[in-house]
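Here is how the chains run, residue by residue.
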Amino acid sequence: QVYGRDLLTYFHAGFSTRRLEMSDDYSPEAVYSIVLNQIGYDLEVLQRAVQQRASGSAAMTETLKETDKLAWLALKPAIDAGLLPANTTAVTYFQKSPVSRVIPYAPVALIGVPYSCMSVARDHLALPHEIGHYVFWHGQVPGTGQPLRQALQRAAFEELKQCVTLDSPEFPTWCAVWLEELFADVYGALIAGPVMALDFQDLALHSSCEGFTASDNDHPVPILRPEIYNQVLARAANDTQRWADWAAALQQ
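Residues numbered from 1 in each chain as written. Predicted model: local features only at pLDDT ≥ 70, side-chain atom pairs only at ≥ 80, totals over all residues. Heavy atoms only, no water.

**Regarding the overall build of the protein chain**
Our working definition: Only DSSP runs of H or I with at least four residues qualify as helices, and only runs of E with at least two residues qualify as strands; both kinds are numbered from the N terminus onward. Relative accessibility under 20% of the residue-type maximum defines a buried residue, over 50% an exposed one, and the middle range a partly exposed one, all with a 1.4 Å probe and only protein chains included. Contacts are assigned to residue pairs with any non-hydrogen atoms lying within 4.5 Å of each other. Accessible areas in this description were obtained via Shrake-Rupley with a 1.4 Å probe; residue shielding takes into account the shown protein chains only. His is not counted, nor are the chain ends, whereas Lys and Arg count as positive and Asp and Glu as negative. Note on charges: their place is set at NZ of Lys, CZ of Arg, CG of Asp or CD of Glu.
Each helix and strand in the protein chain was counted, giving nine helices and three strands. N-terminal to C-terminal, the α/β element order of the protein chain is α-α-α-β-β-β-α-α-α-α-α-α. C-alpha atoms of the protein chain, sized along the principal axes, occupy 65 × 60 × 45 Å. When the 252 residues of the protein chain are sorted by exposure, 34% land in the buried category. Counted over contacts in the protein chain with a minimum sequence separation of 6, partners at least 24 positions apart contribute 56%. Total accessible area on the protein chain stands at roughly 14900 Å², and carbon and sulfur atoms take up 58% of it. For the protein chain, the separation between the mean place of its 17 positive charges and that of its 28 negative charges on side chains is 7 Å.

**Section: the side chain of T67**
Here T67 shows up in helix α3 (residues 58-80). On the basis of relative accessible area, T67 is assigned to the buried category, the value being 0%. Once you skip the residues sitting within four places of it in the chain, T67 turns out to touch T92, V113, H124 and L127.

**Remarks on the environment of S27**
Looking at the element boundaries, S27 is found in the loop between α1 (2-16) and α2 (28-55). For S27 and V195, which are 168 residues apart along the polypeptide, the C-alpha to C-alpha distance reads 48 Å.

**Considerations on the pattern of salt bridges**
As a reminder, the rule being used: Here, a salt bridge means any Lys or Arg side-chain nitrogen found within 4 Å of an Asp or Glu carboxyl oxygen.
A full pass over the atoms with the stated rule returns ten salt bridges. The partner of D6 in a salt bridge is R5, and the shortest N-O contact between them spans 3.3 Å. The partly exposed category is assigned to D6, whose relative accessible area is 42%. In this structure, R122 engages D199 in a salt bridge whose closest nitrogen and oxygen atoms are separated by 2.8 Å. With a gap of 77 residues between them, R122 in the loop between β3 (108-114) and α4 (126-138) and D199 in helix α7 (residues 194-204) connect regions that are remote in the sequence. A single salt-bridge network, built from bridges that share partners, covers R122, D199 and D202.

**Overview of the nonpolar core**
Just so we agree on the cut-off: Put simply, a nonpolar core is a bunch of buried Ala, Val, Leu, Ile, Met, Phe, Trp, Tyr and Cys residues held in one set by side-chain atoms that sit within 4.5 Å of each other.
In terms of nonpolar packing, the biggest core is built from 24 residues, with L75, L84, A109, I131 and V135 touching the most fellow members. Taken together, the elements giving at least two residues each to this core come down to α3, β1 (89-95), β3, α4, α5 (148-160) and α6 (171-192). No other element matches α3, which puts seven residues into this core. Those residues within four positions of I131 in sequence are excluded, and the remaining contacts are A71, A74, L75, A109, I111 and Y187. Counting eleven residues, the second largest nonpolar core, distinct from the first, contains L125, V232, A247 and L250.

**Here's the deal with the sheet that holds β1**
The condition that has to hold: A strand pair is defined by DSSP finding two or more bridges across the two strands. Helix axes use the C-alpha atoms of the stretch in contact, all axes being lines fitted to C-alpha atoms, and the angles between their N-to-C directions lie in the range 0 to 180 degrees.
The three strands are arranged β1-β3-β2 in an open sheet whose pairing can be described as mixed. Each edge of the open sheet carries a strand with a single partner, namely β1 and β2 (99-101). Neighbour to neighbour, the strand axes of the sheet diverge by 25° on average, direction disregarded. Two strands pair when backbone bridges link them, and β2 and β3 are joined in this way by three bridges, in the antiparallel orientation. Pairing of S100 across the sheet is with I111, part of β3. Its contacts with the sheet put α2 on β1, β2 and β3, and the angle it makes with β1 is roughly 85°. Of the strands in this sheet, β1, β2 and β3 are in contact with α4, which crosses β3 at around 145°.

Taken by themselves, the reported measurements are silent on function.
Written as structure tokens, this is what we have:
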């Protein structure tokens, strides 16, 4: 309620006094609709999470207890590293496919998990990846207050700008398009280890033959994603598990 009131007041005052310029892409009415839609979608998700716990089956409520705890455990390393505030928490709910819902006004990761989690334990592995999306959007570089995603974008561009040529001027755009999913993949691999890499290797095979090597302008192409996980396992500093051996086996 506070978020919606303050945002609508801000835009209304800005448009009416011309302190805010009119956009060629969005009219004031469109901006108001976007704000209201954000509130409506968030309320619907929160209501779903409450109802599934209050009136769901025993299997549903028990699974949500598990996914809540696993989501929190996936968040905790980012909190311990100072990337997220200490009061950050997570709430999971069932929906048709995994998703991380970003809300800009509370330190809560709203994570949608597939209904199959009630019977297929392996599908819980969607959680570390989705938490990675939350860290990407809400994380801050410790001690600076700088948004993590901005630091990642700058670092990635510095590393990759040497690849930009007159023949491939679109390369920075390509990097920006994939960066969030790349980060979520790396974060998920560091949280869940080799079993996460194996799971995403299997998921890559769910693509059509055409889609296996084609970009959807969001995710890295399926043929590439297992390599991302293998690189993380091979490079991760891990004293208790021989992740490099797993990387070699998965590569094979």
